[in-house]
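Coordinate analysis (summary)
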Amino acid sequence: MANQTTGLIRIYKAAGYSVKGIAAAWKNEAAFRQEAIMVIPAMLLAFWLDVSTVERILMIGSLLLILIVEIINSAIEAIVDRIGPELHPLSGRAKDLGSAAVALAIILTLFVWAMVLLPRLF
C-alpha cells in the first residue's frame, strides 16, 4: 500500500517515526544505550575543546555515525530474528556483517579523534 500523505504532513509523520525508532533502540537495544552513554559526553567534550569548526564537525559526525550504524545493525538483527529462530549461515552472516559495520564506525571515530587531538599533545 503506497503512502498517500505528502508535504508537511509526510515530514511530520516521518519525524514521529524517527522518534519512535530512537525510543525503540533505547528501550530494546543494550548496545545502543551503551554507545549513546559514551557518545553524549564525548559530543559535549567536542564542543568544549578548542578545535576548528571542521574538526568539531568531524568529531561529532563520527560519533553520530556509531549510533546510526548501531540502529541499522539492530534493524538487521530484528529482521533476521523475525524470520525465525533456527540457525542459518546467512542469518549469522547478516548479523556478523552488521556487527562489523559498528566496529568499523568505532574505529573510524577513534581515528578521527586521534588525528584531531594527537597533534595538540605533541
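The shown structure was predicted, so the numbers you read here are calculated from the model rather than taken from an experiment. (Residues numbered from 1 in each chain as written. Predicted model: local features only at pLDDT ≥ 70, side-chain atom pairs only at ≥ 80, totals over all residues. Heavy atoms only, no water.)

Turning our attention to the layout of surface pockets. As a volume, the largest pocket reaches approximately 190 Å³. Along its surface, the largest pocket is lined by E35, M38, V39, A42, L63, I66, I106, T109, L110 and W113. Only helix 2 (30-48), helix 3 (53-83) and helix 4 (89-121) provide two or more residues apiece to the lining of the largest pocket. Class assignment of the residues belonging to the lining of the largest pocket gives a composition of eight nonpolar, one polar and one charged. (1 Å grid on protein atoms, 1.4 Å probe; cavity = no way out; pocket = protein on both sides within 12 Å on 5 of 7 lines; lining within 4 Å. Points joined across faces, edges and corners; volume = space filled by probe spheres on them. Helix = DSSP H or I, 4+ residues; strand = E, 2+ residues; numbered from the N terminus. Nonpolar A, V, L, I, M, F, W, Y, C, P; charged D, E, K, R; others polar.)

With that settled, consider the nonpolar core. Within the largest apolar cluster, 15 residues are counted, with the highest numbers of intra-cluster contacts made by A46, L49, V51, M59, L63, L67 and W113. Put simply, the parts of the chain that give this core at least two residues each are helix 2, helix 3 and helix 4. Here this core gets five residues from one element, more than from any other, and that element is helix 2. Discounting residues that sit within four places of it in the chain, A46 has contacts with V51, R56, M59, I60 and W113. (Core = buried A, V, L, I, M, F, W, Y, C linked by side-chain atoms within 4.5 Å. Buried < 20%, exposed > 50% of the residue type's maximum accessible area, 1.4 Å probe, protein only. Contact = heavy atoms within 4.5 Å.)

UniProt's feature table lists "binding site: ATP" (unreviewed entry) at R10, Y17, E29, E77, E86, L87, H88, K95 and D96, given in the numbering used throughout. Judged by maximum C-alpha separation, these annotated positions cover 87 residues in sequence and are scattered in space, the widest gap reaching 38.8 Å. Tracing the chain through its elements places E29 in the loop between helix 1 (7-28) and helix 2. Residue position: E77 is located in helix 3. On the basis of relative accessibility, which here comes to 24%, the residue E77 falls in the partly exposed class. (UniProt positions renumbered as here; feature names shortened; annotations may be inferred.)

It is worth spelling out the pattern of salt bridges at this point. Summed over the entire model, instances satisfying the criterion amount to two salt bridges. A salt bridge links R120 to E55; the nearest nitrogen and oxygen atoms lie 2.7 Å apart. Here E55 lies in helix 3 and R120 lies in helix 4, a separation of 65 residues in the sequence. The partner of K95 in a salt bridge is D81, and the shortest N-O contact between them spans 2.6 Å. Pair noted here: K95 is in helix 4 and D81 is in helix 3, with a separation of 14 residues, a long-range link. (Salt bridge = Lys/Arg side-chain N within 4 Å of Asp/Glu carboxyl O.)

Our focus in this paragraph is helix 3. In this model helix 3 runs 45 Å from its N-terminal to its C-terminal C-alpha over 31 residues, within 8% of the 45 Å that 1.5 Å per residue would give. Taken together, the buried positions of helix 3 are occupied by R56, M59, I60, S62, L63, I66, L67, V69, E70, N73, S74 and V80. The secondary structure elements touched by the buried residues of helix 3 are helix 2 and helix 4. (Expected span 1.5 Å × (residues − 1).)

As a further point, take the packing of helix 2 against helix 3. Two elements in contact, helix 2 and helix 3, have axes whose closest approach is 10 Å; the angle formed by their N-to-C orientations is 170°. What the angle tells us is that helix 2 and helix 3 run roughly antiparallel. Of helix 3, the residues touching helix 2 (which contributes A31, F32, E35, A36, V39, A42, M43, A46 and F47) are R56, M59, I60, L63, L64, I66, L67, E70 and I71. Split by residue class, the contact of helix 2 with helix 3 holds 15 nonpolar, no polar and three charged. (Axes fitted to C-alpha atoms, helices over the stretch in contact; angles between N-to-C directions. Parallel < 35°, antiparallel > 145°, perpendicular 65-115°, else oblique.)

The next subject is helix 4. If you check helix 4, its first and last C-alpha atoms are 46 Å apart, about what 33 residues at 1.5 Å a residue would give, namely 48 Å. The largest bend along helix 4 measures about 30° and falls at M115, with the proline P119 one to four residues further on. Every buried residue of helix 4 is listed here: S91, G98, V102, A105, T109, V112, W113 and V116. Considering only its buried residues, helix 4 is in contact with helix 2 and helix 3. (Bend = angle between axes of the 7 residues up to and from the residue.)

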